[in-house]
Amino acid sequence: MEIYKAEERRYDEMTYRRCGASGLRVPVISIGLWHNFGHADSRARFSEIAFRAFDRGITHFDLANNYGPPPGSAEENFGKLLRGGLKPYRDQLLVSTKAGYPMWPGPYGNGGSRKYLMASIHQSLRRTGLEYVDIFYSHRPDPDTPLEETVAALSDIVRQGKALHVAISNYPPPLARQAIAMLRDAGTPCLVHQAKYSMFERAPECGLLQTLADEGVGLIAFSPLAQGLLTDRYLDGIPAGSRAARPEGFLQPGQVTPERVEKARRLNALASARGQSLAAMALAWLLRNPVVTSVLIGASSPEQIDENLKALQHLDFSQAELDAIEEILATPAGE
Ligand SMILES: NC(=O)c1ccc[n+]([C@@H]2O[C@H](COP(=O)([O-])OP(=O)(O)OC[C@H]3O[C@@H](n4cnc5c(N)ncnc54)[C@H](OP(=O)(O)O)[C@@H]3O)[C@@H](O)[C@H]2O)c1
């Protein structure tokens, strides 16, 4: 197999934003390995996707202990990508992983306990072959573990050199504010909050964006394309091979509702009038808020990465366009 050599001009077109008040610069488009990087997926295919991403300036690769299927396989496959060509670029890569969802049987393989987080980061380092990750996340709050315990474990992971930074994901605003304050006091500031945010998922607008702006923490928006619903993927039904058609996909066919498809169709027309695809417009729409450090996309082909990067060519919106988008999103079913 030919050894991968990164494109020399890879930094020419990408924009990098400082993550909150930190000095860490993150590409405005990042790639996640939740789908398409498990053992069921073709190595040739996911290598193409990852290498294209890096060739286009996407330095940030997002993992979690449980990504696959089976759980752990995305981290193992990322290890293969490193050995297959990315390793010489380690210092140009920003790799994150997480723990919080069920990973192994018994009482220590889930949640936010010190026992789980410590064991999980060891496993993640072993699976990827990395000496450290750049960002380690508490993947979700755990109501059965004192926040102090989760925060202390995260801080110790940084002090032990297993992660350079720590972060949180899926924390509601008041708990996020608490965790951010505790991590700051511990001398290991929270760099970022990873939350589901898209035109179809507006929850972060109800307090989270303001909390993060106040605290100087960045937001990384996951599933910014609503798993493909905010693209042209489902405008004419559910195509074979799409996430909604795959049994292991987290997008269920029932989520591809006529109402969402109709909204996507109208948004698609608006995007065309701007000279953009719906996918590119949906990403640009999120990036207009400076608190959003990066949009964290998934991709099942290198072409999707190229398409999504076109967001950078037209990031600004007129007030009329923003109003038209709101009008489409607010339209109730059946109208
Ligand atoms: N913190 C958390 O709890 C959490 C939860 C979920 C995800 N995440 C992170 O966020 C990342 C992204 O999530 P996501 O995969 O749901 O993101 P997404 O960008 O909303 O959806 C990605 C999917 O949309 C389709 N797509 C992408 N670009 C397209 C284009 N230009 N045209 C047509 N279809 C396109 C592809 O689906 P097809 O397969 O149909 O082609 C692709 O796999 C994950 O990998 C993970 O790192 C974090």
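A quick note: this is a predicted structure, and the numbers were derived from the prediction, not measured. (Residues numbered from 1 in each chain as written. Predicted model: local features only at pLDDT ≥ 70, side-chain atom pairs only at ≥ 80, totals over all residues.)

## With respect to helix α7 (residues 258-273)
1) Next: For α7, spanning 16 residues, the distance from its first C-alpha to its last is 23 Å, which sits close to the expected 22 Å at 1.5 Å a residue.
2) Next: Every buried residue belonging to α7 is among Lys263, Ala264, Leu267, Asn268 and Ala271, and all of these are buried. Viewed end-on, α7 has its buried residues packed into an arc of 145 degrees, placing them on one side of the element. Of the residues in α7, the exposed ones pointing more than 90 degrees away from the buried face are Pro258, Glu259, Ala269, Ser272 and Ala273.
3) Next: Tucked into the core, α7 has its buried residues touching α8 (278-287) and α10 (319-330).
4) Next: Looking one or two places after α7, you find Gly275, whose phi comes out positive at around 80 degrees. (Helix = DSSP H or I, 4+ residues; strand = E, 2+ residues; numbered from the N terminus. Expected span 1.5 Å × (residues − 1). Buried ≥ 20, exposed ≤ 12 C-beta atoms within 10 Å, placed from the backbone. Arc of directions from axis to C-beta. Contact = placed C-beta atoms within 7 Å.)

## Quick notes on the site of the ligand
1) Next: The environment of the ligand is made up of 30 residues, and the closest members are Gly32, Trp34, Phe222, Gly228 and Gly298.
2) Next: Taken together, the elements giving at least two residues each to the shell around the ligand come down to β10 (292-297) and α9 (302-309).
3) Next: Top contributing element to the shell around the ligand by residue count: α9, with 3 residues.
4) Next: Grouping the amino acids of the shell around the ligand by side-chain chemistry returns 10 nonpolar, 16 polar and 4 charged. (Near = placed C-beta within 6 Å. Nonpolar A, V, L, I, M, F, W, Y, C, P; charged D, E, K, R; others polar.)

## Section: the nonpolar core
1) Next: In terms of nonpolar packing, the biggest core is built from 92 residues, with Phe136, Cys190, Ala221, Leu230, Ala282, Leu283 and Val295 touching the most fellow members.
2) Next: Element by element, the count of residues in this core is highest for α8, at 10 residues.
3) Next: Apart from residues no more than four positions distant in its own chain, Phe136 is found in contact with Thr97, Ile121, Leu154, Ile157, Ala163 and Val166. (Core = buried A, V, L, I, M, F, W, Y, C linked by C-beta atoms within 7 Å.)

## Some remarks on the packing of helix α1 (residues 43-55) against helix α2 (residues 73-86)
1) Next: Direction vectors running N to C along α1 and α2 enclose 65 degrees, while the axes themselves pass 11 Å from each other. By the angle class used here, α1 and α2 are roughly perpendicular. For the crossing formed where α1 meets α2, the hand is right-handed. When α1 is examined against α2, the residues Arg43, Phe46, Ser47, Ala50, Phe51 and Phe54 are found in contact with a partner set consisting of Asn77, Lys80, Leu81, Gly84, Gly85 and Leu86.
2) Next: When grouped by side-chain class, the residues that make up the contact of α1 with α2 number 6 nonpolar, 4 polar and 2 charged. (Axes fitted to C-alpha atoms, helices over the stretch in contact; angles between N-to-C directions. Parallel < 35°, antiparallel > 145°, perpendicular 65-115°, else oblique. Left-handed = near helix turned anticlockwise from the far one by under 90°.)

## Brief notes about the environment of Asp306
1) Next: Among the structural elements, Asp306 can be located in helix α9.
2) Next: Each C-alpha atom, one on Asp306 and one on Ala53, is 8.4 Å from the other, the two residues being 253 residues apart in sequence.

## Quick word on the environment of Lys80
1) Next: Looking at the secondary structure, you find Lys80 in helix α2.
2) Next: Placed 48 residues apart in sequence, Lys80 and Thr128 show a C-alpha to C-alpha distance of 7.8 Å.

## So, the pairing of strand β8 (residues 190-196)
1) Next: Burial analysis of β8 places 6 of its 7 residues in the buried class, which makes it a mostly covered element.
2) Next: Here strand β7 (residues 163-169) runs beside β8; their pairing, made up of 3 bridges, is parallel. Its bridge partner being in β8, Val166 is matched across the sheet by Cys190.
3) Next: Assessed by its sense of winding, the connection that carries the chain from β7 through helix α5 (residues 173-185) to β8 is right-handed.
4) Next: Examined bridge by bridge, β8 and strand β9 (residues 218-222) share 5 bridges and lie parallel to one another. Bridge pairing in β9 links Val192 to Gly218.
5) Next: With helix α6 (residues 208-215) bridging β8 and the parallel β9, this β-α-β connection has right-handed handedness. (Pairing = 2+ DSSP bridges. Right-handed = clockwise from strand over helix to strand, strands pointing away.)

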